[in-house]
Amino acid sequence: MSRKTVAVLPGDGIGPEVLDAALPVIDALGLPVDLEHGDIGWEFWRTEGDPVPPRTWDLIGRSDAVLLGATTSKPGREALDDLEPHLRERAPRYVSPIIQLRQRLDLFANLRPVENHLGGTPYRFCVVRENTEGLYAGLDWSRVPEPMWPLVAEHPNARRSGPDGTAASVRMLTRHGLDRILRFAFEHARAHGHPLVTLADKPNVLRHSSAFARERLEEIAAGYPGIAYEILNVDAVALWMARRPERFGVIVAENMFGDILSDLGGGVMGGLGLAPSANIGEHGNYFEPVHGSAPALAGTGRVNPLAAFLTVGLLLEHLGFTGAADEVRGAVAHVARRRDRVTYDLGGTATTGECAASVLDALGTAPGAHTAAVVTVGDELLRAALEDTNASEASRRLAARGLPVRIRHTVGDDEAAIADAVRAGLGRDDVVVVIGGLGPTSDDVTRVAVARALGRPLEHREEAWQGVVERLTRFGVAVHEDNRRQALFPQSALLLPNSGGTAWGCRVDVEGTTVVMLPGPPRECLPMLDTVLRDGLGHLPEPVAVSAVFRRTLGLIEADAAAAVDAVVRDQGLRVKPAYRWHYPYVDIRVDCPAEDAGELAKRLDAVLAGHVVTDRERTAVEELAGLLAARALALDLEDRVTGGRLGAELAAVQGQFEAESGGTLAALLDATWDTGSREHHTGTVRLRCTVRDGSGERTGELTVPNRGPEVADYAAQFAAWTIARRLTEETV
């Protein structure tokens, strides 16, 4: 494909920030695209008297596409006041850059894709807004013109108010305008696999102009026999966009209705931080994130760049780079659904740069981060009347298949709660396992809820029904009509026979997520899950061999350990998530990483955690010391002034695990100072000291810890054992 030129117009407010964050994706994808920056926006109005200088029009004229950051507009009086003094004399009229671009380039179609990037019920539709006519055609008067008065005066309110007290606007629809926007809508539907075009209008009120729109719709639709069409009241469309967005494909509307619905679409998908847009004409275009210039957020580093990435994706698709556009959308969806590196508007704490970096990291590799969710159902589980062994066993099996469980939900026999839990994983997790309760009521509610979450009807499956009948008959159990519920499954589900029970399971693949619905009894559901994990996930790669790097540390708080380890992982470029466990007095660190990276990671962790690592095994310092004493045939002569003999008792309790010979003696002293607060009332801090004496002299280790309670004696015992063990292994104290 030949090289393309894109005019980049950063504009005002947050526009430059979001484009700076998103544009590196062009280089990351290695595309033959040249970016040329141009001038647009308020600063050029203020200093030059035109927010779109002539040089910018020259750049647009020689470019294949225009990428706009954001622009600021103000009312006429404020705009004039903001001009440089020498420009005010000629009093130029302010026209917003958006209006200039749309009018001069005749950009008649505004395209607003609406897609579920956050997980839940999948939907993908778009709003196509006509840009040039409708109620925004400019036929708007603060005083009704005299030639119009005879028409307006038919309304009793106008007669009472008179021409000077009556304002009017005209909704203008033309054959030319309607035909090209409707044709654009059908072409977009055909190109993107949408089976339905919906004209959002108000035919029950604007009867004559809407009848004209219907006439044009029917004529244009005749040229697209494979695509269904409908006309709905715009208010009904708004309702169903919010309630059932998955029912729509392409929604097309005149200017004002399209304006309202397109912003509603931004709200449906999670906010303007996820909303891209395109303005298309026959001979021009521009692409812009919807969020506007937001001057109050400029320079704060808090702005969501995902809309800018999605806008770049739209632009790339327009230029013919459809594969690259899909990669961008996939990376954005990956980041948005994981929620670990998103900005404040999506519930995160990431900066603009950090969020953008996560998108770039995800390019081409997003499918590698596989996760699962588990939903277990039953009132008896919520009441804790039964232990939820299904969730634990399912999690273990999924992790072994390379699908670590991101979240587990336990819900009661409540259809809405089950459906919500399932939706939360759709499009976000690779596998969602739903395990019904132990009785038929739970199973029946579960199957209805799963179908509801998937947006699919339940259908009777005769194969499953015959399996139910055969099972019940074999055991002499009467077959009742109610048993037929066990043969209901979401439409097009792949059935999973139950070799150990009556109710079958199923799997449904939707928007990149495999939903597995299973009955509740463990001896039935777990073998069925094993079958799916073994034979039914061929579209997912086999788990990569990993090694666990483990370090048990002392003298660190979890936050400090996490900060140090996260920095190491990031510097090494590993796509892993460290795990931390605090159990007094230790903080355990575990990082599961590719086997080939484990050695280097261990070396770096030891360097950054120097002076705090007790062991690389899940053993206490006392257990480590017992092993060292046995290996060196040493006895410990400990003077314990702190724990009341606890260390000696713990050491004696574990020394039986080790074979020991009689030999020399190692002397040690454990002492402490209460620097502040009260020893008896457990306030302040304790400075622990352990001195080890041997033939080469003595060495002392020190550590200050909070005097949090009687358990500080446990801390002292483990500290002393650790200090003595380090001396025996020739470590510097």
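Residues numbered from 1 in each chain as written. Predicted model: local features only at pLDDT ≥ 70, side-chain atom pairs only at ≥ 80, totals over all residues. Heavy atoms only, no water.

K.L.:
What's the story with the sheet that holds strand β28 (residues 697-706) in this structure? I'm lost.
P.N.:
One key point about sheets: their strands pair by backbone hydrogen bonds, in either a parallel or an antiparallel sense. Pairing is mixed across the open sheet formed by 4 strands, whose spatial order is β25-β26-β27-β28. Two strands lie at the open edges of the sheet, namely β25 (634-640) and β28, each paired on one side alone. Neighbouring strand axes in the sheet, compared pairwise and without regard to direction, differ in orientation by 20 degrees on average. (Pairing = 2+ DSSP bridges. Helix = DSSP H or I, 4+ residues; strand = E, 2+ residues; numbered from the N terminus. Axes fitted to C-alpha atoms, helices over the stretch in contact; angles between N-to-C directions.)

K.L.:
Sorry if this is basic, but what is going on with the pattern of salt bridges here?
P.N.:
Between side chains of opposite charge, a pair can form as their charged atoms come close. Counted under the stated rule, the structure contains 52 salt bridges. A salt bridge links E702 to R687; the nearest nitrogen and oxygen atoms lie 4.0 Å apart. With E702 in strand β28 and R687 in strand β27 (residues 685-694), this residue pair connects regions lying 15 residues apart in the sequence. Residues R727 and D694 are paired through a salt bridge, measuring 3.0 Å at the closest nitrogen-oxygen approach. On the criterion of sequence distance, the pair formed by R727 in helix α27 (residues 712-728) and D694 in strand β27 is long-range, its members being 33 residues apart. Under the relative-accessibility criterion, R727 is labelled buried at 7%. When salt bridges with common partners are traced through the structure, they connect D179, E215, R216 and E219 into a single cluster. (Salt bridge = Lys/Arg side-chain N within 4 Å of Asp/Glu carboxyl O. Buried < 20%, exposed > 50% of the residue type's maximum accessible area, 1.4 Å probe, protein only.)

K.L.:
Got a minute to help me understand the side chain of H117 in this structure?
P.N.:
Its place among the elements puts H117 in the loop between β4 (109-115) and β5 (124-130). Once residues within four sequence positions are removed from consideration, H117 is found in contact with M269, L310, A333, A336 and R337. (Contact = heavy atoms within 4.5 Å.)

K.L.:
It is not clear to me how the sheet that holds strand β19 (residues 505-510) should be interpreted in this structure. Could you clarify?
P.N.:
Pairing within the open sheet is mixed, and its 6 strands lie in the order β14-β13-β15-β20-β19-β18. Of all the strands in the sheet, just β14 (405-411) and β18 (494-496) have a single pairing partner and so form its edges. Ignoring strand direction, the axes of neighbouring strands in this sheet form an average angle of 15 degrees. Here strand β13 (residues 372-377) runs beside strand β15 (residues 431-435); their pairing, made up of 5 bridges, is parallel. Looking at β15, one finds that A372 is bridged to V431. Against the sheet, helix α18 (residues 389-400) contacts β13, β14 and β15, and its axis sits at roughly 160 degrees relative to β13.

K.L.:
Looking at this structure, how should I read helix α26 (residues 646-655)?
P.N.:
Since the α-helix packs 3.6 residues into each turn, any two residues three or four apart lie on the same face. Among all positions in α26, only L647, L651 and V654 are buried. All buried residues of α26 project into a common sector of 70 degrees when viewed along the axis, lining one side. Within α26, the exposed residues directed more than 90 degrees away from the buried face are A652 and A653. Each element contacted by the buried residues of α26 is listed here: α25 (621-631), β25 and α27. (Arc of directions from axis to C-beta.)

K.L.:
Just checking my understanding: could you explain unusual backbone geometry for this structure?
P.N.:
Backbone geometry follows two general trends: most residues other than glycine have a negative phi, and most peptide bonds adopt the trans configuration. Of note, the bond from Y584 into P585 is cis; its omega dihedral lies within 30 degrees of zero at 5 degrees. Considering the arrangement of structural elements, one finds P585 in the loop between β22 (579-583) and β23 (586-594). You will see that A384, though not glycine, has its phi angle at about 60 degrees, which is positive.

K.L.:
Teacher, can you tell me more about the nonpolar core here?
P.N.:
Soluble globular proteins tend to bury their nonpolar side chains together. Counting residues in each nonpolar core, the largest one holds 85 residues, and the members touching the most others are I251 and L316. Element by element, the count of residues in this core is highest for helix α14 (residues 306-318), at 8 residues. In this structure I251 touches F125, C126, V127, V128, T198, A200, V237, M241 and L261, once residues within four positions along its chain are discounted. Core analysis: the second largest hydrophobic core is formed by 34 residues, Y586, V614, V642 and L666 among them. (Core = buried A, V, L, I, M, F, W, Y, C linked by side-chain atoms within 4.5 Å.)

K.L.:
For this particular structure, what's the right way to read the packing of α25 against α26?
P.N.:
For the pair α25 and α26, interaxial distance at closest approach is 9 Å and the crossing angle is 65 degrees. Classified by chirality, the crossing of α26 by α25 is right-handed. Two secondary-structure elements touch here, α25 through V622, E623, L625, A626 and L629 and α26 through L647, E650, L651, V654 and Q655. (Left-handed = near helix turned anticlockwise from the far one by under 90°.)

K.L.:
What should I look at first to understand the pairing of β4 in this one?
P.N.:
Successive side chains on a regular strand alternate, one facing one side of the sheet and the next facing the other. The buried fraction of β4 amounts to 5 of the 7 residues, a majority that puts the element mostly inside the structure. Pairing geometry for β4 and strand β11 (residues 278-280), over 3 bridges, is antiparallel. In the sheet register, L111 faces β11, and the bridge partner there is A278.

K.L.:
Help me understand the confidence of the model for the chain, please; the structure alone is not making it clear to me.
P.N.:
Interpretation of this model should avoid reading the predicted coordinates in detail wherever pLDDT is low. Scored by pLDDT, the chain comes out at a mean of 90, with 97% of its residues at no less than 70. The weakest mean pLDDT in the chain belongs to helix α6 (residues 85-88) at 83; the strongest belongs to strand β10 (residues 250-253) at 98. (pLDDT = per-residue confidence, 0-100.)

K.L.:
Which parts of the structure should I look at to understand helix α15 (residues 322-338)?
P.N.:
Helix length check: α15 (17 residues) gives 24 Å between terminal C-alpha atoms against 24 Å at 1.5 Å per residue, within 8%. Looking at the buried residues of α15, the elements they touch are α2 (24-28), α14 and α16 (352-362). Phi turns positive one or two residues past the end of α15, at R339, with a value near 65 degrees. (Expected span 1.5 Å × (residues − 1).)

K.L.:
Before we go on, may I ask you to explain the packing of aromatic side chains in this structure?
P.N.:
Where two aromatic rings form a pair, the distance of their centres and the angle of their planes describe that pair. Within the structure shown, the criterion is met by 8 aromatic pairs. Geometrically, the ring pair formed by W582 and Y584 is edge-to-face, given 6.1 Å between the ring centres and 65 degrees between the ring planes. Judged by its relative accessible area of 44%, W582 falls in the partly exposed class. The class of Y584 is partly exposed, set by a relative accessible area of 23%. An aromatic cluster is defined as three or more aromatic residues linked by ring pairs; in this entry it consists of W42, W45 and Y94. For R247, the ring lying beneath its charged end belongs to F248, and the centroid distance is 4.7 Å. Note that R726 overlies the ring of W722, its terminal NZ or CZ placed 3.9 Å from the centroid. (Phe/Tyr/Trp six-rings, centres within 6.5 Å; stacked < 30°, edge-to-face > 60°. Lys NZ or Arg CZ within 6 Å of the ring centre and 35° of its normal.)

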